[in-house]
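Commentary on secondary and tertiary structure
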Amino acid sequence: MESEDSDSETDTDKLIRLSEKVYSWSPDKEELSIVITYDNQRVGYLNAVIMDVGSLKSGGFRDDKLECQDKEIEEELLTFYKSLSADLETRVVFYITDFFLEKQYRSMGIGGDILNLLPEWLNSHFPEVNDLYLFPYPLEKSNGKVECVKNVDEKKLLEMRTKLIRFYLSHGLKKTRTQFLYRTIRPVA
């Protein structure tokens, strides 16, 4: 199911605005895209999936409950769920599949501001969310298309991932026993 009625906006002192569109919905998950604007310019986006992990666990997990429009995202969610489901004490997670800022807007504090803004924004727009998760992997734009960085040597990719992990950790995310990072948004009651 697609929805266009879920547009919303949030402003900060740096004129950052987040506007979301839910483009797929089921009882166990919602896929959404969040446009990031800064000073009235589109500067990036977040793609995310809101998953009801509690429902998946209690209802007997089936792969088809995490079917996504993008098969790569579906595989990422399955890996996430299977690697952490035994440890997840939460009910609903906000899983970031892509967090991208255009190059000219990096190193300006916008990414950190967004990560600091997300808990309040999620509480306002998706109050059912307990935790935020992501797999830190660098994204770059090539020929107008944003993709995971692939065409670099392993040492360079490790450097990029290490820098990205440090960035996320410095903005409130924590390590799990796997390579996924998380941040509590609202503790489970």
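Model, not experiment: these values are computed from the prediction. Every chain is numbered on its own, with residues counted from 1 as its sequence reads. With pLDDT at 70 or above as the cut-off, local features in this predicted model cover only qualifying residues; side-chain atom pairs require 80 or more to be listed or tallied, and sums for whole chains, interfaces and linings still use all residues. Each side-chain value is worked out from all heavy atoms of the structure, with water and hydrogens disregarded.

Let's talk about helix α3 (residues 110-125)
As a reminder, the rule being used: A residue's bend is the angle separating two fitted axes: one through the seven residues that end there, the other through the seven that start there. Helix numbering and strand numbering both begin at the N terminus, where a helix is a DSSP run of H or I of at least 4 residues and a strand a DSSP run of E of at least 2. Here the term buried applies to any residue with accessible area under 20% of the maximum for its type, exposed to any over 50%, and partly exposed to those in between, with areas from a 1.4 Å probe on protein chains only.
Largest kink in α3: about 40°, centred on L118, with the proline P119 one to four residues after it. Taken together, the buried positions of α3 are occupied by I110, G111, G112, I114, L115, L117, L118, P119, W121 and L122.

A closer look at the pairing of strand β1 (residues 16-26)
Filter applied, for reference: Here a strand pair is declared whenever DSSP counts at least two bridges between the two strands.
In terms of strand pairing, β1 meets strand β2 (residues 29-38) through ten bridges, oriented antiparallel. Bridge pairing in β2 links K21 to S33.

Concerning the nonpolar core
Just so we agree on the cut-off: Throughout, nonpolar core names a set of buried Ala, Val, Leu, Ile, Met, Phe, Trp, Tyr and Cys residues whose side chains join them through atoms within 4.5 Å. Throughout, a contact is declared for two residues whenever any of their heavy atoms are within 4.5 Å.
By size, the foremost hydrophobic cluster in this structure holds 33 residues, and its most contacted members are I36, F94, F99, I114, L118 and L132. Contributing elements (two or more residues each) for this core: β1, β2, β3 (41-52), β4 (92-101), α3, β5 (131-134) and α4 (154-170). Once residues lying within four places of it in the same chain are set aside, the contact partners of F99 are I36, Y45, L46, G111, I114, L115, L139 and Y168. Counting 16 residues, the second largest nonpolar core, distinct from the first, contains M51, Y81, L84 and Y95.

Considerations on the packing of aromatic side chains
Heads up, the condition is: Pairing of aromatic rings covers Phe, Tyr and Trp, the last counted by its six-membered ring, and requires centre-to-centre distances within 6.5 Å; plane angles under 30 degrees mean stacked, over 60 mean edge-to-face, and any other angle means tilted.
A full pass over the atoms with the stated rule returns twelve aromatic pairs. With a centroid separation of 5.8 Å and 40° between ring planes, the pair formed by Y45 and F100 is classed as tilted. Highlighted residues: Y45 in strand β3 and F100 in strand β4, separated in sequence by 55 residues. Using a relative accessible area of 15% as the deciding quantity, one classes Y45 as buried. On the basis of relative accessibility, which here comes to 3%, the residue F100 falls in the buried class.

Nothing here speaks to function; it is all geometry.
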